[in-house]
Amino acid sequence: MTAHYEVRGDVAVITLDNPPVNGLGLSTRLGIVDGLEKANADAAVKSIVLTGAGKAFSGGADIKEFGSPKAYQDPNLLSVIRAVENADKPVVAAIHSVAMGGGLELALGCHYRVVAAGTKVALPEVKLGLIPGAGGTQRLPRVIGVEAAVSMIVSGEAMNAEMLAAIPGQKLFDEVVMSADGLMDAAVKLAQKVADVRPLPLVSKLPNKHPQGDAYFQFTRNMVKGMAKNFPAPVKCVDAVEAGTKMKFEQGLANEREIFINLMMTPECRALRHIFVADRATSKIPDVPSDTPKRDIQKVAVIGAGTMGGGISMNFLNAGIPVTILEMTQEALDRGVGVIRKNYEARVKKGKLKQEKYEATMALLSTTLAYDDIKDADLVIEAVFEEMGVKEKVFKQLDAVMKPGAILASNTSTLDVDKIASFTQRPHDVVGLHFFSPANVMKLLEVVRGKATAKDVMATVMAVGKKIKKTTVVSGVCDGFIGNRMIEQYSRQAGFMLDEGASPEQIDKAIEKFGFAMGPFRMGDLAGNDIGWAIRKRRYVDKPEVRYSASADRLCELGRFGQKTGAGWYDYAPGQRKPIPSPVVAEMLEKHRADIGVPQRKISDEEIVQRLVFAMVNEAAHILEEGIASKASDIDMVYLTGYGFPIFRGGPMRYADEMGLFNVVQAMKRFAKNPADDGAFWTPAPLIQRLVAEGKNFTGQL
Ligand code: NAI
């Protein structure tokens, strides 16, 4: 059992001890109930203190039990809380560090609560697409008032104990002690003081009303609905609290349970739980154990002060790590540093960054034109032009000057990292660090593992990614790595659908309705259609067998590169970003369709979404099979953090699972027959066929 029991004089102490955060897994729940039974049975015990060992009172549900039947096995959390409430003797919660989710709900079942200042208190269930399910929506309003409780439950955000203790009339905490050191003494003292109090005070017996009930809840529900968009849970939080103000406690509790169970079965909740687990799993590399030694990264150098070099540098400056940028000319350096400055100054102006902090951050930045000045850096990241010849020159220089053990990284988005590594005598120190633009904003960092990259280099760059607050996903070497290799199939499908008769605006609208922030054509106009044009020329030059719609080439031949030229797939009014359907593009497409002679038809929005998404899924299955990605959930994280895939759908792989892989295969077979499409591409990847045959899916979640 992961809770232990001891008796101190006439006070029994039950201590949760389930590291790291005293998750309320089955063995902890059993331990609590066992402790209560012992205390109830011992005549020498007059009262009970319940606390947590180590770093938390309790962080709530045990994530190790996530999705397993153990999470609900008796005694479940509701029964444990009931056992606490029904104890024969007063139970005092001694709360420190963290009391979240089920942890807070457990504390609310205790008769008294003493808290250490600085404790973080939250009901974060909404972040997993749920409402609190063990009385949180019923008990919290009774101790801090309806409005404060709704705000905590709907946001899921943590509050400091002192802030909650300052709420007038609050009954959440009986006592706040200034430091965790004095907590147990204070809790034991209170336990002794209240030993004879009867009847025992119960939160469930406190009143639960809002003076302007109906008006308040109506207003709040409307506001929450507007903000929650595609997520059902936040509004359900309001519903559960409101019901509690109108029902008897037991009824309110049953209602909360029903809502909780219904939400548990929604795709949105499955998506959020999947993301919760997927996010934590990204840092795990199957053959690089977590205790692999890491190299010390104190100083960073960046080669190239362009779009990417500047953004990459900012990540390290923000983390307090000194950066030296190397360029070819002073002018390029001045321009690059100017952009960084401007970025920070905008934040200062908006009040998001203090002037002193800005100055301290800029003081960490230095520039140079000489390789000799960067030779001591622990990590150097190259972000020069995307040409193998230029990369070769740079890596040969780096190999010549960098100290032994320095990590040499490339931000290349399309070139072969193994080839780049081969320009050096130390390919084991070379790795790809593929940032996304704008690099100081985008969460995603693809770590490209070369065939020679050393394990300690991998362990180090994963830790560096964490330090600069990125979602760091490992990819093997291939053209486009995980993200761009999949997006290529998405773009090809968008093109084929143009050929078959859909308009750019119909395609954009359909996928935006699905939840993408921007459809492929608006995206192209924003990023610059010439970039894709250059990539196609390079990629397809010696691959005449690759089919794609030439409409994008026709567009570029008209000079319509996108917003930067004032025209792309859409027209733009001068200085405006609002896309206006373009008659010129419509005419160009009509001519192009006539030239290729593909029969025209109306394509449904459903088909548009499925062709775009399933094309990525099929490519992703090949990526998994080739070992380029080690798990499906990593692919989802790439798309959620780097490509604007809708969060409430959990990523492309989770979405395919949600649709059912059998149905995905059926759709692929239909798409293979489309006249403009690449029929061969739609052969379901062997991995998908195998999963369907075995009745399995990508993410293992039902
Ligand atoms: P950019 O053209 O804005 O900047 C490149 C900079 O490198 C220029 O300032 C140039 O003066 C400098 N440079 C060129 N050769 C050099 C040399 N031998 N020594 C020192 N400096 C040199 O290019 P951008 O967009 O920043 O791209 C850089 C790299 O990042 C490329 O490999 C690109 O594929 C990759 N990348 C670009 C993304 C983007 O969205 N722009 C996204 C992810 C990766």
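For the structure, check the block above.
First things first, this report covers the structure right here in the doc. (Residues numbered from 1 in each chain as written. Predicted model: local features only at pLDDT ≥ 70, side-chain atom pairs only at ≥ 80, totals over all residues. Heavy atoms only, no water.)

This brings us to the overall build of the protein chain. Counting its regular elements, the protein chain contains 28 helices and 19 strands. Taking 27 Å as the expected radius of gyration for a compact globule of 702 residues, we find that the protein chain reaches 29 Å, a close match to that expectation. Considered along the principal axes of its C-alpha atoms, the protein chain spans approximately 90 × 65 × 50 Å. Counting over 702 residues, the protein chain shows a buried share of 55%. If you sum the accessible surface of the protein chain, you get close to 30500 Å²; carbon and sulfur atoms cover 56% of it. Across the protein chain, the 87 positively charged side chains and the 82 negatively charged ones have centroids separated by 2 Å. (Helix = DSSP H or I, 4+ residues; strand = E, 2+ residues; numbered from the N terminus. Rg over C-alpha atoms; globule rule 2.2 N^0.38 Å. Buried < 20%, exposed > 50% of the residue type's maximum accessible area, 1.4 Å probe, protein only. Areas by Shrake-Rupley, 256 points an atom, 1.4 Å probe, with all protein chains shown as cover. Lys, Arg positive; Asp, Glu negative; His and termini not counted. Charge placed at Lys NZ, Arg CZ, Asp CG, Glu CD.)

Applying the stated criterion across every chain, the model contains 16 aromatic pairs. Seen from their ring centres, Tyr216 and Phe217 are 5.0 Å apart, and the 70° between their planes marks the pair as edge-to-face. Look at Tyr216 and you get buried, because its relative accessible area is 12%. An aromatic cluster of at least three residues, connected via ring pairs, comprises Tyr490, Phe514, Phe516, Phe614, Phe645 and Tyr655. The ring of Trp533 carries Lys537 above its face, with NZ or CZ at 3.8 Å from the centroid. (Phe/Tyr/Trp six-rings, centres within 6.5 Å; stacked < 30°, edge-to-face > 60°. Lys NZ or Arg CZ within 6 Å of the ring centre and 35° of its normal.)

Here we take up the site of the ligand. Around the ligand, the structure places 21 residues, and the nearest of them are Met308, Glu327, Glu386, Lys391 and Asn411. Within the backbone of Val384, one N or O atom sits 3.3 Å away from an oxygen atom of the ligand. At a separation of 2.8 Å, an oxygen atom of the ligand approaches a polar side-chain atom of Ser413. Those elements giving two or more residues to the shell around the ligand turn out to be α12 (307-318), α15 (388-401) and β15 (430-435). With three residues, the single largest contributor to the shell around the ligand is α15. Looking at the shell around the ligand residue by residue, the classes come out as 10 nonpolar, eight polar and three charged. (Near = heavy atom within 4 Å. Polar contact = N/O pair within 3.5 Å; in protein donor to acceptor, adjacent residues only side chain to side chain. Nonpolar A, V, L, I, M, F, W, Y, C, P; charged D, E, K, R; others polar.)

In this section: unusual backbone geometry. The residue after Pro19, namely Pro20, is reached through a cis peptide bond having omega 5°. Note that the residue after Arg198, namely Pro199, is joined by a cis bond; omega there is -5°. For Pro199, the position within the fold is in the loop between α7 (183-193) and α8 (213-228). Of note in the backbone geometry, Lys229 takes a positive phi value of approximately 45° without being a glycine. Inspection of the secondary structure puts Lys229 in the loop between α8 and α9 (233-246).

A word on the sheet that holds strand β11 (residues 323-326). One open sheet accounts for eight strands, arranged β12-β11-β10-β13-β14-β15-β16-β17; its pairing is mixed. Either end of the sheet is taken by a strand with one partner, and the two such strands are β12 (365-368) and β17 (471-476). Neighbour-to-neighbour, the strand axes of the sheet open up by a mean angle of 25°, direction not taken into account. Pairing of strand β10 (residues 300-303) with β11 involves four bridges; the strand directions are parallel. Paired with Val302 across the two strands is Ile325, which belongs to β11. (Pairing = 2+ DSSP bridges. Axes fitted to C-alpha atoms, helices over the stretch in contact; angles between N-to-C directions.)

Taken together, the side chains of Phe219, Met223 and Met227 define a hydrophobic patch exposed on the protein surface, amounting to about 360 Å² of accessible area. With respect to the helices and strands, the residue Phe219 is situated in helix α8. (Patch = residues over 30% accessible without salt bridge, like charges linked within 9 Å, V, L, I, M, F, W, Y side chains within 5 Å. Salt bridge = Lys/Arg side-chain N within 4 Å of Asp/Glu carboxyl O.)

Turning our eyes to something else, we now look at the side chain of Asp634. Relative to the helices and strands, Asp634 resides in helix α25 (residues 632-642). Overall, Asp634 belongs to the buried group, its relative accessible area being 2%. If we ignore the near neighbours within four places in the chain, the residues touching Asp634 are Ala281, Thr282 and Val473. (Contact = heavy atoms within 4.5 Å.)

Turning to the pairing of β17, a few remarks are in order. By the criterion of burial, β17 is predominantly enclosed, with six of the six residues buried. Along β17, one buried face is formed by Thr471, Val473 and Ser475 and the opposite face, lined by Thr472, Val474 and Gly476, is buried too. Across six bridges, strand β16 (residues 444-449) lies against β17 in parallel orientation. Note that in β17 the partner of Val447 across the bridge is Val474. With respect to chirality, the unit in which β16 leads through helix α17 (residues 455-467) into the neighbouring parallel β17 is right-handed. (Right-handed = clockwise from strand over helix to strand, strands pointing away.)

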